[in-house]
Amino acid sequence: MSEIPSLNQVKHILLVLSGKGGVGKSSVTTQLALSLVNDGYKVGVLDIDLTGPSLPRMFGLEGRNVHQSTAGWIPVYTDDTKRLCVMSLGFLLPDRGNSVVWRGPKKTAMVRQFVKDVVWGDLDYLLIDTPPGTSDEHISIAEELKQASPDGAVLVTTPQDIATADVRKELNFCRKVGFKVLGVVENMSGYVCPHCSECTNVFSSGGGQTLATQFDVPFLGSVPIDPTFVTLVESQGSEHKLLEKYPESALSSIFKGIVDKIYAQNLPVRQA
Ligand SMILES: Nc1ncnc2c1ncn2[C@@H]1O[C@H](COP(=O)(O)OP(=O)(O)OP(=O)(O)O)[C@@H](O)[C@H]1O
Ligand code: SF4
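Criteria and cut-off values
- Residues numbered from 1 in each chain as written.
- Chains lettered and ligands numbered in written order.
- Predicted model: local features only at pLDDT ≥ 70, side-chain atom pairs only at ≥ 80, totals over all residues.
- Buried ≥ 20, exposed ≤ 12 C-beta atoms within 10 Å, placed from the backbone.
- Helix = DSSP H or I, 4+ residues; strand = E, 2+ residues; numbered from the N terminus.
- Pairing = 2+ DSSP bridges.
- Core = buried A, V, L, I, M, F, W, Y, C linked by C-beta atoms within 7 Å.
- Contact = placed C-beta atoms within 7 Å.
- UniProt positions renumbered as here; feature names shortened; annotations may be inferred.

Moving on, we come to the pairing of strand E7 (residues 123-129). Of all the 7 residues making up E7, 6 are buried; the element is thus mostly covered by neighbouring parts of the structure. Where strand E1 (residues 10-17) lies against E7, 6 bridges are found, and the strand directions are parallel. Bridged to leucine 14 within E7 is leucine 127. In this structure, strand E2 (residues 43-47) lies alongside E7, joined through 5 bridges in parallel fashion. Paired with glycine 44 across the two strands is leucine 126, which belongs to E7.

Structure representation (structure tokens):
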């Protein structure tokens with residue numbers, strides 16, 4: 001149970017982590033959120049990747065404003081059905097293309113405020129897209145996140161990282177800070193042809209599964225590169241069609257398999 005009142009009605013908190021940038025952490029966070037909503041859950045997404053807040057763009061919400069109420073910040077809802085809402089530093093930056101170069105304590109203080117001061121209301125799942133890395137600064141951020149009593153972390157990696165020490169570093173980071181590893185997602189594991197939807201394994205496959213077995217953590221799935229997903233994100237315009245169109249995407253059935261593996265863990269609801 002969290003001691004943070006704004007999170008009292010949030011049943012599950014899942015962190016999304018990666019050892020380094022560019023592996024597709026935000027894209028995985030986005031698709032986990034869409035899959036959970038498609039399964040009928042109410043979902044919030046918190047973007048604390050302060051060096052490159054990309055979730056407003058992913059969800060087609062760039063340019064939207066966050067409102068402050070007496071209880072805290074009101075997240076941005078993707079549509080009137082209020083099944084999916086997002087909070088990101090990207091909504092607060094004056095120049096939305098900018099990333100933030102704050103270091104150390106200022107960043108940690110911002111994360112603390114984000115964790116405590118967003119009015120999430122009643123949510124089935126809150127996904128937190130975290131800054132990539134495993135440095136001392138990330139350890140301080142992890143300490144802030146622990147105040148939220150998360151269920152655990154989904155680790156995003158790529159076949160190249162599996163071949164190197166990066167993902168082991170990430171797994172050790174979770175052990176060190178005390179995050180339960182809910183599983184590993186291997187992103188960019190192959191390529192979906194935009195013409196015939198055939199999936200080709202560009203890299204040697206099966207590394208994620210081997211690694212998960214070796215570290216005794218669940219393997220959640222391999223996600224190929226799908227150029228049509230990027231087109232879908234980029235063509236949303238201001239109509240925010242991602243939620244509606246995502247079920248037609250080739251990646252949606254893969255993410256359905258990933259969330260099913262998370263449900264199968266029967267995570268206890270945070271508040272009794
Ligand atoms: N499976 C995929 N298929 C197609 N495109 C992908 C896939 N995964 C990621 N991408 C694309 O790669 C780019 C980088 O992905 P993303 O922003 O999710 O990475 P990230 O790990 O969150 O990076 P950072 O932490 O540095 O912000 C994005 O344009 C995204 O759309
Ligand atoms: S996967 Fe099929 S359609 Fe795509 S490039 Fe290869 S042969 Fe052509």
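Ranked by size, the top nonpolar core spans 69 residues in total, and within it Val16, Leu126, Leu127, Ile128 and Val154 carry the most contacts. If we ignore the near neighbours within four places in the chain, the residues touching leucine 127 are Leu14, Val16, Thr29, Leu32, Ala33, Val43 and Val45.

Moving on to the UniProt feature "binding site: [4Fe-4S] cluster" (unreviewed entry) in the protein. Residues given the UniProt feature "binding site: [4Fe-4S] cluster" (unreviewed entry) here are Cys193 and Cys196. Turning to its location among the elements, cysteine 193 is positioned in the loop between strand E9 (181-192) and strand E10 (199-200). In this fold, cysteine 196 is placed in the loop between E9 and E10.

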